[in-house]
Amino acid sequence: MLRFTVGALAVLGLIAALPLAVHNEYWFFAGYVVLQYIVLATAWNILGGYAGYVNFGTGAFFAVGAYTAVALYKAFALPLGLQILAGAAASGLLGFGVGMLTLRLRGIFFSIATIAVAIVLETVVLNWQYVGGAKGLPILRPAETPFFGNYTVWLFFVMALIALVAVGSARYVETSWIGRGLRAIRDNEGAAECSGVPTLKLKLGAATLSGALMGAAGAPYAQYLSFIEPTSSFSLNHAVNALAMPIIGGMGHWIGPVIGAVLLGTLQQVVTVTVSSEVNVLVVGVMLVVFVVAAPEGILGLVKRWKKASSK
Amino acid sequence: MEKSLLEIKSVSKQFGGFAALSGVSIDVAGGERFGLIGPNGSGKTTLINCISGVLDNDGGSIVFDGEELSGLPAYQRTRRGIARSFQIPRPFASMSVLENLVVPLEYVVHRGSLHLADTEAEAMEILRGIGLADKARTQSNQLSQVELRKLELARAMAARPRLLISDEAMAGLSANEVSEVLEILFKLNASGITIIMIEHIMQAVMKFSQRIVCLDAGRIICEGAPGTIVANTDVQKAYLGA
């Protein structure tokens, strides 16, 4: 734990010092998206990877965080930190609520419900004029911040902080008895319950934490774009990426989603700049198919296999 | 005989129009070796699913150590001292043999209060007792059939039960392996654990059980000592094919 904390603080220090070495704002603008995907992929993996319950509604949890922040910013001009906390709370509650309704059932019911929730909530937001409805809402963000100067650099740092909290939470869950309980649920829910694991409580906890982290990732979204509208906020791309990144990186370990998000997120940014943003989905799709067929345990599985083979 | 540890009173369970259990009443005394037999579809597994909380009984009551269990989820029943093995082994396949035991130890016995290393040491003790210590670090999906059966029992034991329900723990095993599992069950019973054995291998049930109940079509058709069961014509007709 101490080693992880020291490592995390070192990473955060390095990120805080980046503006001294990197002066082009674009790198922070692109890096923000990669960090955002680290949070989404890590959050997805807590329920999908550890417990085996697949969430197809990442976009809904992300957008609830984003729109909660926007509504509170518009109504009370809340500072970013409080917007993030409120976004996380709202999406966490959503995770708990959807879980309460569907996690008593086993199998794909939760997955179906998350798709339904995304559609219902998008329809609500499309008709919610206070936050811009279908035509969206421009956000006036401060041009400068005290320590970081440029606001994009500040948002990059904030997202890095959220990413560290997400990865730290996932690591704690994975290595604790909670993580072993979730893995037992994924392997065999009936046997887990008969081994004393309170399966529903654990699944609800995981759904709440996962939802909260997704909401936290979504909260600064409007500030980042200076604009918010429902189509991109609820985009299916969030769900596909959040699912593909842990699968590509490896779902069994907290570092897997981080590897997947850095790899896929960076590749998407390169493709966006050099080819077209429309090709992004194709990139994700192709990589997902390749990994599911050739390396179902992701990059971590490949490394493990390679280590095993070289030790023989 | 000791006082009842488990009292099953007029338990019934329907699946649609099919009555899997109809008014089944059984008392199991503390420390007893109890056999539950019956032909396929007679309701044995349904009954233990109702006891362990995998299924809710539609009627009647199940009382364990004076406490009504009906309505309690399975994990609460395990925490109260009822553990079971499964007819078809259900290991936590992504985990090692040792980790399989760590789960019930953490969730039932220590509730996360003990360090992992200490919990693992405790799990190793159980594995030694059951003869699986050398497989502790093996992935559980790499085990042989008899090892899987032993793992099922070891994992149930890790929940520190007062009542162990062994659901066809010997199915598909060779004669030597059956003796091996039987020996483990005798040893567990000698340590004070009440055991309900569901089994199709008659020799094993007769050798192990002090008392047997035979179910047929969801009803009890005979109850008594092994000798009584073997001599009963209804049992012979329903189960032994006479």
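Residues numbered from 1 in each chain as written. Chains lettered and ligands numbered in written order. Predicted model: local features only at pLDDT ≥ 70, side-chain atom pairs only at ≥ 80, totals over all residues.

**Observations concerning the overall build of chain B**
- In terms of helices and strands, chain B carries nine helices and ten strands.
- Whereas a compact globule of 242 residues would reach a radius of gyration of roughly 18 Å, chain B reaches 18 Å, a difference of no more than 12%.
- When the backbone C-alpha atoms are referred to their principal axes, chain B occupies close to 55 × 40 × 35 Å.
- Per-residue burial over chain B gives 47% buried out of 242 residues.
- Taking as baseline every contact in chain B between residues at least 6 positions apart, the subset at least 24 positions apart corresponds to 64%. (Helix = DSSP H or I, 4+ residues; strand = E, 2+ residues; numbered from the N terminus. Rg over C-alpha atoms; globule rule 2.2 N^0.38 Å. Buried ≥ 20, exposed ≤ 12 C-beta atoms within 10 Å, placed from the backbone. Contact = placed C-beta atoms within 7 Å.)

**A closer look at the overall build of chain A**
- Scanning chain A from N- to C-terminus turns up 15 helices and four strands.
- Taking 312 residues into account, the globule formula puts the C-alpha radius of gyration at 20 Å, and chain A, at 19 Å, falls close to it.
- Viewed in the frame of its principal axes, chain A has a C-alpha envelope of about 55 × 45 × 40 Å.
- Counting over 312 residues, chain A shows a buried share of 49%.

**Some words on the pairing of strand E3 (residues 33–37) of chain B**
Residue and element names in this part refer to chain B.
- Taking burial as the measure, the five residues of E3 include five buried ones, the bulk of the element.
- Along E3, one buried face is formed by Arg-33, Gly-35 and Ile-37 and the opposite face, lined by Phe-34 and Leu-36, is buried too.
- Of the pairings in the sheet, the one linking E3 to strand E8 (residues 194–198) comprises four bridges and is parallel in character. Pairing of Gly-35 across the sheet is with Met-197, part of E8.
- Where E3 and strand E9 (residues 211–216) come together, four bridges link them in parallel fashion. If you follow Ile-37 over to E9, its bridge partner there is Cys-214. (Pairing = 2+ DSSP bridges.)

**A closer look at the packing of helix H3 (residues 58–76) of chain A against helix H4 (residues 80–102) of chain A**
Residue and element names in this part refer to chain A.
- Taken N-terminus to C-terminus, the directions of H3 and H4 make an angle of 135 degrees; their axes are 8 Å apart at the nearest point. Comparing the axis directions of H3 and H4 gives the class oblique. Judged by the sense of rotation from one axis to the other, the crossing of H3 with H4 is right-handed. Taking contact as the criterion, the partners of Phe-61, Val-64, Gly-65, Ala-66, Thr-68, Ala-69, Leu-72 and Tyr-73 in H3 are, on H4, Gln-83, Ile-84, Ala-86, Gly-87, Ala-88, Ala-90, Ser-91, Leu-94 and Gly-95.
- Considered class by class, the residues forming the contact of H3 with H4 number eleven nonpolar, six polar and no charged. (Axes fitted to C-alpha atoms, helices over the stretch in contact; angles between N-to-C directions. Parallel < 35°, antiparallel > 145°, perpendicular 65-115°, else oblique. Left-handed = near helix turned anticlockwise from the far one by under 90°. Nonpolar A, V, L, I, M, F, W, Y, C, P; charged D, E, K, R; others polar.)

**With respect to the interface of chain B and chain A**
- The partner chain A presents 15 residues to the 24 residues of chain B that form the contact.
- Contributions of two or more residues to the side of chain B that touches chain A are made by helix H2 (74–80) and helix H3 (97–110) of chain B.
- Top contributing element to the side of chain B that touches chain A by residue count: H3 of chain B, with seven residues.
- For the side of chain B that touches chain A, the residue count by class is 14 nonpolar, four polar and six charged.

**Notes on the sheet that holds strand E7 (residues 163–167) of chain B**
Residue and element names in this part refer to chain B.
- Here six strands make up an open sheet; going across it, the order is E6-E7-E8-E3-E9-E10 and the pairing mixed. Only two strands of the sheet have a single neighbouring strand rather than two, namely strand E6 (82–84) and strand E10 (219–224). Each adjacent strand pair in this sheet contributes to an overall mean axis angle of 20 degrees, direction not counted.
- Contacting E3, E7 and E8, helix H6 (residues 175–190) runs over the sheet at an angle of about 150 degrees to E8.

**Description of unusual backbone geometry**
- Positive phi values are uncommon outside glycine, yet Ala-77 of chain A reaches one of about 50 degrees.
- Along the chain, Ala-77 of chain A turns up in the loop between H3 and H4.

**Notes on the nonpolar core**
- Val-39, Leu-40, Ala-66 and Ala-163 of chain A together with Ala-154 of chain B are the most contacted members of the largest nonpolar core, which totals 168 residues.
- No other element matches helix H6 (residues 151–175) of chain A, which puts 15 residues into this core.
- Aside from chain neighbours lying at most four places away, what touches Leu-40 of chain A is Thr-58, Phe-62, Met-214, Ala-217, His-238, Asn-241 and Ala-242 of chain A. (Core = buried A, V, L, I, M, F, W, Y, C linked by C-beta atoms within 7 Å.)

**Focus on the confidence of the model for chain B**
All names here are of chain B.
- Averaged over all residues, the pLDDT of chain B is 93; the fraction at 70 or higher stands at 98%.
- Within chain B, helix H9 (residues 233–240) has the poorest average pLDDT of any element, 79, and H2 the best, 97.
- Scoring the predicted complex yields pTM 0.92 and, for the interface, ipTM 0.91. (pLDDT = per-residue confidence, 0-100.)

**Some points on helix H15 (residues 298–311) of chain A**
- Taking 1.5 Å per residue, 14 residues should reach 20 Å; H15 of chain A reaches 20 Å between its end C-alpha atoms and fits that length.
- With one of 14 residues buried, H15 of chain A is to be regarded as a mostly surface element. (Expected span 1.5 Å × (residues − 1).)

**Comments concerning the environment of Leu-98 of chain B**
Residue and element names in this part refer to chain B.
- Among the structural elements, Leu-98 can be located in helix H3.
- For Leu-98, a count of 22 C-beta atoms within 10 Å puts it in the buried group.
- Here the alpha-carbon distance between Leu-98 and Ile-126, two residues 28 residues apart in the chain, equals 9.6 Å.

**Some details on the packing of helix H2 (residues 25–48) of chain A against H6 of chain A**
Residues and elements named next belong to chain A.
- Relative orientation of the contacting elements H2 and H6 amounts to 20 degrees, with a least axis distance of 9 Å. In this view, H2 runs roughly parallel relative to H6, as classed from their interaxial angle. Regarding H2 and H6, the two cross each other, and that crossing is left-handed.
- Looking at the contact of H2 with H6 residue by residue, the classes come out as 19 nonpolar, five polar and one charged.

**Brief notes about the sheet that holds strand E2 (residues 18–29) of chain B**
Residue and element names in this part refer to chain B.
- Read across the open sheet, the four strands follow the order E2-E1-E4-E5; overall the sheet is antiparallel. Two strands in the sheet have a free side with no partner beyond their single neighbour: E2 and strand E5 (67–68).
- Here eight bridges tie strand E1 (residues 4–15) to E2, and the two strands are oriented antiparallel to one another. Bridge pairing in E2 links Lys-13 to Leu-21.
- Across the face of the sheet, helix H1 (residues 44–52) comes into contact with E1, E2 and strand E4 (59–64) while running at roughly 65 degrees to E2.

**Side note on the environment of Glu-122 of chain A**
All names here are of chain A.
- In this structure, Glu-122 sits in helix H5 (residues 109–126).
- In this structure Glu-122 comes out as partly exposed when scored by C-beta crowding, with 18 C-beta atoms within 10 Å.
- Considered as a pair, Glu-122 and Ser-233 are 111 residues apart in the sequence and their alpha carbons are 8.8 Å apart.
- When sequence neighbours within four positions are dropped, the list of residues in contact with Glu-122 reads Pro-230 and Phe-234.

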